[in-house]
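Here's the letter readout for the chains.
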Amino acid sequence: MQDVRCQKSEVKILETLKSQHRPEEFQGFLTALDSLVKAYFRMAPEVLEGNPQRFTICKLLLHGDDIKKDSELIVQFLRAILRLHLTPDHPSKFSFGLHANQIDALRAFVVCIDRSDRDENLDLGGDGDGDGMKKLHEFLWTLMDGASVHAEENWANVIQRFIWFKALRRDGNFYESTDFTPDLAKLKYFVNSTCLIHALWYQRDSGVPQLQRVIKVHREVLALGRATTFNMLFEYQQYASSLAWNQQREPKVFLDPDFEWITVGQETLHLSRFRQGIQTLLGRVEERYLLLTQGRTMLDGLPNHVADDMTNSVRGHSFAKDRQFDPLRLNLFSHLVEIYHLAVVDREGRLAWDLPAVKDILRRTGEVWKPLYHLLYITTQVSTRAVQFLQHQTANAERHRNIFVQGQEVILLSGYSKTSQITDRDPCTPAFVHPKVGRWMVEFLAGGLRHAESLLACVAYGEKVQHEYNSFLVMDDGHRINPDEWYATFAQVNREHFQCAWGVRDFRQGAIAMAREFISPNHAFSLADDLLAESSDHSTHIDHIHYGAVHGAVPELTNNVIAKHRWLSEEWHTFCGLGPGEPQAPVRTR
């Protein structure tokens, strides 16, 4: 392998082995492989569903209860193996070093899948009765079973060679440990899922009791202290993680000496354009809403005296259920139905909906929300996690809501799903929405727009989608916005309004850097909390959990914690150009 790495022509050939397959490559063989592997990864949660011994099986084979379905890395792995296997006299000197039993299993799989009518007869379902699925599993099992290690030889393990192959870059160097660690985790998940399928599905007709099969698979492949492929991956991951956490990071953010622009990666954000773009987005929210409602608004600014009990866990409860909003709940819905002729009643009194028009209204309401989503994401918190933002709930459902109104303040609780080992940190972080943004958020949620969307979604898409509109904040055109959609839209909106196509990660880097440069530290809040805890002879964390808990308050968030997060939100709002005063001068020049 050293010879391969030293020759640029060989490295270039390996890049072609890593590349995506074409539909016509090997007469569609690799396309069928892709579908089969995806179906294989869907099997693991299916065979575990409803199993009475689920808890024990998860502990032994999964080391938890999470089953990953990401198959792209394994498709790339098998695609490279098959390209070398199916191409006579392949120009690459690289080899995965398959052993005799692995070659036999691979040939059996190729014979099974390589048929002229594979697209029609190849079993891709999760029930596993097809020969293709069985032969695929038999080959995958040879890559990780007890005989796959070959500890007496160097680089004799096929998965070990794939790690080398995957990590090699075009310039002949290897990628960094921060990229290496996620791939190792995916390979571990792959081994876990394959063990699960082997014990519960492949050996189901062996006559051996289920739990004995599980224990045998665990001892052969997953047990600690033995020379196994899984333990090799575990040790690699531990080492790579230690490198990732301890290595010196290269600077990713470059700041103008005059503090007029900031660069992350290849994109530069000018602060004046950033602040102007925020004002443009605010105007876009109002413009689209008034265009949709033909100039009608339901609320005059943020309401007073909203009775929002933060501890109310009744399913469906939200601040929008306050009595003062009851007269508004159906007004906007009736208004939209009337002005857009969404429904008619025939002579016999039967109601008929114009479904294309209903779906078009849901599309247009999504366009009303989109600039508000963007403003909430970039102005409410300095650093927002996209996955958590997309999970914000307006009403109690499977999980407690995290959008509240207190007085005339709109509060989002984030960070609730991030596990952390950092001591003296709150499990959820309050973020205060600026009144200019919160005014429209309350208008849409309590003024009837979201209620109208949920009713129209029930007409167009059914009760499940209606429930999502009633429960989740980030919705668009009849569905929840998924992370991939958000990443693409976020960069596009940044390019349009800020002339800087920062994605989610780049914006996170830039926002944290800007906050550090423009918001001066204030230790008064933390000092008060620490002193109160010290006087009671326990940690701040214990103080928040067990002492002085006030009914109706956010759990574990004291007045001091709320106040310091309010201060930070106001500082960030000022930096973003939302007022009340002029943006701060840089900390270094004060």
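The structure we're discussing is the one just above.
Residues numbered from 1 in each chain as written. Predicted model: local features only at pLDDT ≥ 70, side-chain atom pairs only at ≥ 80, totals over all residues. Heavy atoms only, no water.

**Focus: helix H3 (residues 29-48)**
- Between the first and last C-alpha of H3 there are 30 Å, a value that for 20 residues agrees with the 28 Å anticipated at 1.5 Å per step.
- A bend of about 25° at Arg-42 is the largest found in H3, and the proline Pro-45 appears one to four places after it.
- Summarising burial for H3: 14 of the 20 residues are buried, a large majority.
- Within two residues after H3, Gly-50 carries a phi angle of roughly 75°, on the positive side. (Helix = DSSP H or I, 4+ residues; strand = E, 2+ residues; numbered from the N terminus. Expected span 1.5 Å × (residues − 1). Bend = angle between axes of the 7 residues up to and from the residue. Buried < 20%, exposed > 50% of the residue type's maximum accessible area, 1.4 Å probe, protein only.)

**Structural notes on the packing of helix H18 (residues 449-461) against helix H19 (residues 463-471)**
- Their axes nearest at 7 Å, the elements H18 and H19 cross at an angle of 165°. On the basis of their axis angle, the class for H18 and H19 is roughly antiparallel. The way H18 lies across H19 gives a crossing that is right-handed. Taking contact as the criterion, the partners of Arg-450, Glu-453, Ser-454, Leu-455, Ala-457, Cys-458 and Tyr-461 in H18 are, on H19, Glu-463, Val-465, Gln-466, Tyr-469 and Asn-470.
- Considering only residue class, the contact of H18 with H19 consists of 6 nonpolar, 3 polar and 3 charged. (Axes fitted to C-alpha atoms, helices over the stretch in contact; angles between N-to-C directions. Parallel < 35°, antiparallel > 145°, perpendicular 65-115°, else oblique. Left-handed = near helix turned anticlockwise from the far one by under 90°. Contact = heavy atoms within 4.5 Å. Nonpolar A, V, L, I, M, F, W, Y, C, P; charged D, E, K, R; others polar.)

**What about the environment of Phe-174?**
- With respect to the helices, strands and loops of the structure, Phe-174 is situated in the loop between helix H9 (158-167) and helix H10 (177-202).
- A residue is classified by how much of its surface remains accessible, and Phe-174, at 31% relative accessible area, is partly exposed.
- For Phe-174 and Trp-164, which are 10 residues apart along the polypeptide, the C-alpha to C-alpha distance reads 8.3 Å.
- Residue contacts for Phe-174: discarding those within four places in its chain leaves Arg-5, Trp-164, Ala-167, Leu-168 and Arg-169.

**A few points about the sheet that holds strand S3 (residues 267-270)**
- If you walk across this open sheet you meet the 3 strands as S1-S2-S3, and the pairing is antiparallel. Since the sheet does not close on itself, it has two edges, and those belong to strand S1 (253-255) and S3, each with one partner. For this sheet, the mean angle separating the axes of adjacent strands, direction not counted, is 20°. (Pairing = 2+ DSSP bridges.)

**Thoughts on unusual backbone geometry**
- Cis peptide bonds are those with omega within 30 degrees of zero, and the linkage from Gly-579 to Pro-580 qualifies with 10°.
- Among the structural elements, Pro-580 can be located in the segment after helix H24 (559-575).
- Positive phi values are uncommon outside glycine, yet Phe-259 reaches one of about 60°.
- Tracing the backbone through its elements, the reader meets Phe-259 in the loop between S1 and strand S2 (261-264).
- Judged by its relative accessible area of 14%, Phe-259 falls in the buried class.
- A positive phi angle is found at His-341, which is not glycine, with a value near 50°.
- The topology assignment puts His-341 in the loop between helix H14 (331-339) and strand S4 (343-345).

**Notes on the sheet that holds strand S6 (residues 403-406)**
- A sheet is described by the order of its strands in space; here 3 strands give the open sequence S6-S7-S8, paired in antiparallel fashion. Looking at strand neighbours, the two that pair on one side only are S6 and strand S8 (429-433), the edges of this open sheet. Strand-to-strand twist across the sheet, computed as the mean angle between neighbouring axes with direction ignored, equals 30°.
- Here 4 bridges tie S6 to strand S7 (residues 409-414), and the two strands are oriented antiparallel to one another. Bridging from a neighbouring strand, Gln-406 pairs with Glu-409 of S7.

**A few points about the side chain of His-137**
- Inspection of the secondary structure assignment puts His-137 in helix H8 (residues 131-142).
- For His-137, a relative accessible area of 0% translates into the label buried.
- Setting aside residues no more than four positions away along its own chain, His-137 makes contact with Tyr-40, Thr-194, Ile-197, His-198, Trp-201 and Tyr-202.

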